[in-house]
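Coordinate analysis (summary)
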Amino acid sequence: MNSNASRVAVVNQLARQLLHVEHPNADEIVARQNQLNQKWADLRAQADGKRDELESAHGLQTFHIECRETISWIEDKKRILEETDALEMDLTGIMTLQRRLVGMERDLAAIQAKLDSMEKEAEKVEGEHPEEAAMIRERINSLQVVWDDLTQMLKDRDSKLEEAGDLHRFLRDLDHFQNWLTKTMTDVASEDTPASLADAEKLLSQHATIRDEIDNYVDDYARMMEYGERLTADANTAEDPQYMFLRERLRALRDGWEELHQMWENRQQLLSQSLNLQMFLRDAKQAEVCLSQQEHMLSKDETPVNLEQAESLLKRHENFLTTMEANDEKLNAVVQFAQRLMDEGHFQADKVAKKAEGIQERREANRERALQLMEKLKDELQLHQFLQDCEELSEWIQEKYIIAQDETYRSAKTVHSKWTRHQAFEAEIKSNKDRLLRLQQAAEDLIREKPGMMEVISPRVGEISLQFDELQKVTKEKGERLFDANRQVLYEQSCEDVESWMDDLEKQIVEGDTGMDLASVNILMQKQQLIETQMAVKAQQVTELEAQAEYLERMTPEKIDDIKAKRSFVESRFEKLQEPLSYRKRELEKKKEAFQFRRDIEDEKLWIGEKMPLVLSADFGNSLFNVNQLLKKNQSLRTEIDNHEQRIHSVCNNGQKLIDEGHVDALEFSERIEDLLDRWQALKEAVDVRRNKLLASERAQQYLFDANEAEAWMSEQELYLMGDDRGKDMTSAENLIKKHQGLEADVSDFSETIRRLGETAKSLIAEEHPESEQIGIRQSQVDKLYAGLRDLLRERRMRLEESLRLFMLAREVDDLKQWIADKEVVAGSHELGQDYDHVTLLWERFKEFAKDTEVVGNERLNVVNETADQLIASGHTDAATIAEWKDELNEAWADLLEMIDTRTQMLNASRELHKYFHDCKDCLGRIVEKQNAMSEDLGRDSGAVSLLLRKHQNFIQDLQSLQLAVQQVQDDSAKLQTLYAGDRAREITSREEEVITAWKNLQGFCEERRNKLIDTGDLCRFFQLVKALMIWMEDTVRQMNTTEKPRDVSGVELLMNNHQSLKAEIDARGDSMQACVSLGKELLGRNHYASSEIKEKLVSLTNQRNAMLHRWEERWEHLQLILEVYQFARDAAVAEQWLIAQEPYLYATELGRTIDEVENLIKKHEAFEKSTAAQEERFAALERLTTFELKEMKRRQEEEEERRRKAEEEERAAALAAEQAAQKQDEGDGERSPDTEPLQSISEREPLSEASEGRSRQSPRPGSLPTSKSLERTPAQATEDVIEGSLLRKHEWESASKKASNRSWEKVYIVLRDASMATYKDQKTAKSTPEVYYKGETPFSIRAGSVEVASDYTKKKSVFRVKLPSGGEFLFQARDDDEMNLWVSKARSQIDSGDQSSSSRAQTLPAGPPKPDEPKKRGFFTLKKK
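Here is a short report on the structure shown in this document. Residues take numbers from 1 onward in each chain, read along the sequence in its written order. Only residues with pLDDT of at least 70 get local features here, since the model is predicted, and only at 80 or more are side-chain atom pairs given and counted; chain-wide, interface and lining totals rely on the full set of residues. As a convention, hydrogens and water are excluded, and side-chain values are obtained from all of the structure's heavy atoms.

1. A closer look at a nonpolar patch on the surface
Patch membership needs two things, relative accessible area over 30% and no salt bridge, and members are linked within 9 Å if like-charged or within 5 Å if nonpolar (Val, Leu, Ile, Met, Phe, Trp, Tyr). What sets the accessible areas is the Shrake-Rupley method with a 1.4 Å probe; for residues, cover comes only from the shown protein chains. For salt bridges, the criterion is a side-chain nitrogen of Lys or Arg within 4 Å of an Asp or Glu carboxyl oxygen. A cluster of nonpolar side chains, namely Leu1185, Leu1190 and Met1193, defines an oily patch on the protein surface of about 280 Å² accessible area. Per the convention used, a helix needs a DSSP run of H or I reaching at least four residues, while a strand needs a run of E reaching at least two, with both numbered from the N terminus. Structurally, Met1193 can be placed in helix H29 (residues 1187-1227). Each residue is assigned to one of three classes by its accessible area relative to the maximum for its type, calculated with a 1.4 Å probe on protein chains only: buried under 20%, partly exposed between the two thresholds, exposed over 50%. When its relative accessible area of 41% is taken as the criterion, Met1193 is described as partly exposed.

2. Here we look at the nonpolar core
Side-chain atoms within 4.5 Å are what join buried Ala, Val, Leu, Ile, Met, Phe, Trp, Tyr and Cys residues into a set we call a nonpolar core. Membership of the largest hydrophobic core comes to 30 residues, with the highest contact counts inside it found for Phe1022, Met1033, Leu1101 and Met1108. Put simply, the parts of the chain that give this core at least two residues each are helix H24 (983-1040), helix H25 (1049-1068), helix H26 (1070-1085) and helix H27 (1091-1146). If we skip the residues at most four places from it in the chain, Phe1022 touches Cys1076, Leu1079, Gly1080, Leu1083, Ile1094, Lys1097 and Leu1098. Here, two residues are considered to be in contact whenever any of their heavy atoms come within 4.5 Å of each other.

3. Concerning unusual backbone geometry
Unusually for a residue other than glycine, Asp1314 sits at a positive phi of about 55°. Its place among the elements puts Asp1314 in the loop between strand E3 (1306-1313) and strand E4 (1316-1320).

4. Considerations on the pattern of salt bridges
Overall, the coordinates contain 54 salt bridges when judged by the stated rule. Between Arg638 and Asp642 there is a salt bridge, and its shortest N-O distance comes to 3.7 Å. Here Arg638 and its partner Asp642 are both found in helix H17 (residues 624-660), four residues apart, which amounts to about one turn of the helix. Judged by its relative accessible area of 22%, Arg638 falls in the partly exposed class. On the accessibility criterion, Asp642 (37% relative accessible area) is partly exposed. When salt bridges with common partners are traced through the structure, they connect Glu1192, Arg1195, Arg1196 and Glu1199 into a single cluster.

5. Points about the side chain of His317
The topology assignment puts His317 in helix H8 (residues 307-343). Whenever a nitrogen or oxygen atom comes within 3.5 Å of another N or O atom, the pair is scored as a polar contact, on the condition that within protein one atom can donate a hydrogen and the other can accept it, and that pairs from neighbouring residues in sequence are kept only if both atoms are in side chains. Separated by 2.8 Å, the side chain of His317 and the backbone oxygen of Ala370 make a polar contact. Once you skip the residues sitting within four places of it in the chain, His317 turns out to touch Leu298, Ala370, Leu373, Met374 and Leu377.

6. Digging into the pairing of strand E8 (residues 1369-1373)
Counting buried positions along E8 gives five out of five residues, so the element sits mostly inside the fold. When strand E1 (residues 1282-1295) meets E8, the two strands line up antiparallel, connected through five bridges. From the neighbouring strand, Trp1293 faces E8, where its bridge partner is Glu1369. As judged from the five bridges shared by strand E7 (residues 1359-1363) and E8, these two strands associate in the antiparallel manner. Residue Val1359 lies in a different strand from E8, and its bridge partner there is Gln1373. Hairpin connection, E7 to E8: the antiparallel pair is bridged by five residues, and Gly1367 has positive phi, about 105°. The pairing criterion is simple: DSSP has to find at least two bridges between the two strands.

Spelled out as structure tokens, the structure:
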């Protein structure tokens, strides 16, 4: 229709053209055109209608087909569900069923969606085909019925799965839980004990992990026990052995669970105690180290030699005692820890107690030794203090002793003054007498406390006492001498002196001046104290006058009256002065207190007055430093006031004391005290006020200081920014920009300082600070200065960036010019390469060079041009220079591009020529490489063969690219031949011919290897089938030979059913068996290279199958016998139970007491007799012999006949032996018939023949050396036949199924003698040490092997192959074909000579009868008694 539509369009176009040219038949043309268009429209309408009808019919048929397919789909799912009936209801079967049902549910969802779409399709088709509505609805109904059956079946399977699955999951969980329980109990029962603290913590952590694991299993245990108890709680399962066993398992599980908890607790306690023990041992070790250090310190015995050293040692020991006291806490903690462990009943309580006791004993010993050492050091300190006191007193005595020996007393001018001084000296000595007494007392105390010091103390004390006594004696003698020299004058002068002093004193007392102020009172008090001191001295003189008067009275009796009168006068006058002096002293003291209080009040007021101007000062500082100084002064003043407050209170207390004593000026004192306290309080308040004002001033000054600092810093930065330094080169410009960036960062960070200053200014203005106006002005100045600084920063940055861009442009222009110059050197090279690799390298490098040059050059040139244009457009001062740089650079770049283009064309022309030669060489190399890469390995199994076949196929596919390469070589050759002539053309043609020849040879090798791999693959597949069938048959026979013993009839029936299933499996495997046999026969029909092995496998497979079938029959008969026996045992047990049940009735003695009872008993007995008659048939059946018993009887009969036959044979043998013995006696000893000799020799040789046959049947190992006996030859063949020489050797196969591990070519020296091939390193080794073989290889025999030319090996020439009887293979390469043929002929001649000798020896032995069906004979030494 579409093609005709184009034709109709062409006709209409022609008609329009004719009408356009005003054809004379225009009307006819229009009519014919309209007629054609009408018919074409009718045809189109009919075609569309037909298409709609066909599409409708197609939709209907498609619907029916989909209905059938859907039904078939549902039926398949039903069949799959029905196949699940064969699954066993163990856990594996349930899980398999569950997986199938899960997959089935997914498929059902798809089927449901399909049904829904079918329903919609049916409604649509019914509307289009009402006549088919009934059939369509029938299809839909049948679909729905099949669907309902499938869903119902799935529900049934689900319910079945749920019931059986819960039980099997429970049993599986139970087994898993019991295994876990056993494993965990084993872990918990571990007897590992920690050897260190780390081990203890590790074991305890592991034990805690076990606890976590146990806790994780608590829910599982509870769930299993709950389900198990619910499962076994049914009364109907009470006697079921399986449920009884399940109950026992649950009981054991419960006991194990409880035991596990108990074991865990015990282990936890053990590990906890072990951890405590390790912690105790660690602490004990530390304590022992501490005690050892203490013992080391105490072991030092240092005795001080002076007081300073004694004090130092005592101080050090006191520090040591302090340390000991600090360590006592640790030691106490260790002992307490040990006591806690013992109280808790630790398993190592004895060890802990012993160690703690040792620590306690050492601690007590150290403490006792430390205290002893302390006492010793204290004693030494006391001793040295005493000795020092002794030394000081001795020095003082020596000094005074020198003074006492002075004899100036002889001058009489100043007798009285000398006497007075001497009396003062005696008083000083007397006062120091107490020092001696204290020293003696201290010595006595020390000796009493420390008797051991008496040797040191007593001599020293005695010496000092003697010195002091000597001093006293000298002083006393000097006084007596002074007194004796001027007694009379001295007495008179003393009296006059005392009287004169008393006169002056009386005048002072009479005056009565008690002072008018504190100064005069203090002066008078001092005078009063001086008078009292003089009074004491004069009292002593008066007392001494009495002694002097008595002495003068004895010496001058005539003047006794004058002396007494003068002495009495002086004494009476001295006594009268005592009372006035005491009164005067009391008056002075009272006045002093009053004057002192007034003075103190005035002093305090003056002090407050002095401090008040400082406190009330209006100077709050005009700088931060001054404010800080004022704050410090104010704080010092505050501290001074606080310290002085106690003085104020003391003065007030003194005044209050005077008021309380009733002083005459008490009212005045009260007013003074109140005035002082008021002034003091005002001073304190003023100090606080000044401090607050100073703090406010400090904030303001701090702000002003910070503002000044900010202004100074910003001014400094402004000076720097106003400079015109823009750098001399790019480096300096970059450094300036970096410095400027740092400055910008500093300025940006300084904004925080400006912000803080603004906040401080706002807070001070808000607080109405006195300087708020100045602060506001200063803040506005700071803000303006900072804004100006930022503007300067931006301007400076623009100048620096402009300068940097200029320097960068200059550097970039210079670098680009240098770069272009370097590239021009490369682009101007005339080197075109020596070969393809060289020219390719040059071409690739130059291509990369051109590409990189163009990309990098354009990029760099554009950057430079753009930068230059920008700088020129921005009105740079050096715009003319920049434009000149730009023009020079663009001209240099255009020259470089032209040179690159020229160089590229030259390299392309050279590369095309060298590429052809390289492609030819590469193609030949690839062909040779592919030819060498074709492995000769044919594989040893189907997987390897398939892999090799796939590799070969991939190899062939890889050759497609090689074929394209060959074709490309031909195309390039044709192209180049048109361009070149002469030697070049001939060389091109010869290279092409070499490639084509090598390619054809490679294709031939590939086809040959493919055929070999196909044959090997079929062989491996056959072997795999045979192996699988053999394994299956062995497994089947093993299942038949199972030793499982049934317990009852049902068990036997189960075994028989299983045995029947084996039969079904055997029958099902018949097709596989037949396919395997057919494949083997097919391989034999193809004359496969392994036909012998195939025949052997087929025979073995057939024999194994027959043996399996025979074993099945035997097993089936055996099971039938066992079934009959178990049936008999079952019937006998039932019969026995019936008899046992009837015995109580027969033994009953109840005969009835009434007629009715008797009749009932008779009826009962008749019923019993009927039941007995019914049981007779069962007992009769039991009396019949079973097949097993019949066979046993038959076996016994056969054994009896066998014993009887053996007895008869023994009797005949005995008779025959007796006859032979009689014959030998008749013939005589040593005589023998000549006819028996050959027979005897034959009988002797028969075992040897059998043994040799057994050995010949054994396959020799590869590379084994025959024994000397096997290499012995007959004398007729004992000719020297040896060949030796150097060959290249390659080991291909170690055995028929194993490739050699090293298959590389090696140069060796071969010696072939008597079909035995020995390998040496070289000829020298073979001649000098023939027993040393190459790499320790033993010689191997080729007698049963073969030697042939390796025509199939094409990689090397002059190669022959040696095959060993064991399947091993070696390749040897000679120098040329002549040498190769010589080796092959010699080796074959030795093999042939060995075969002839073997056959000659074999002909001397008798040939036994053939026994094809006889089993393999045992070796002579392998026979065992059955």
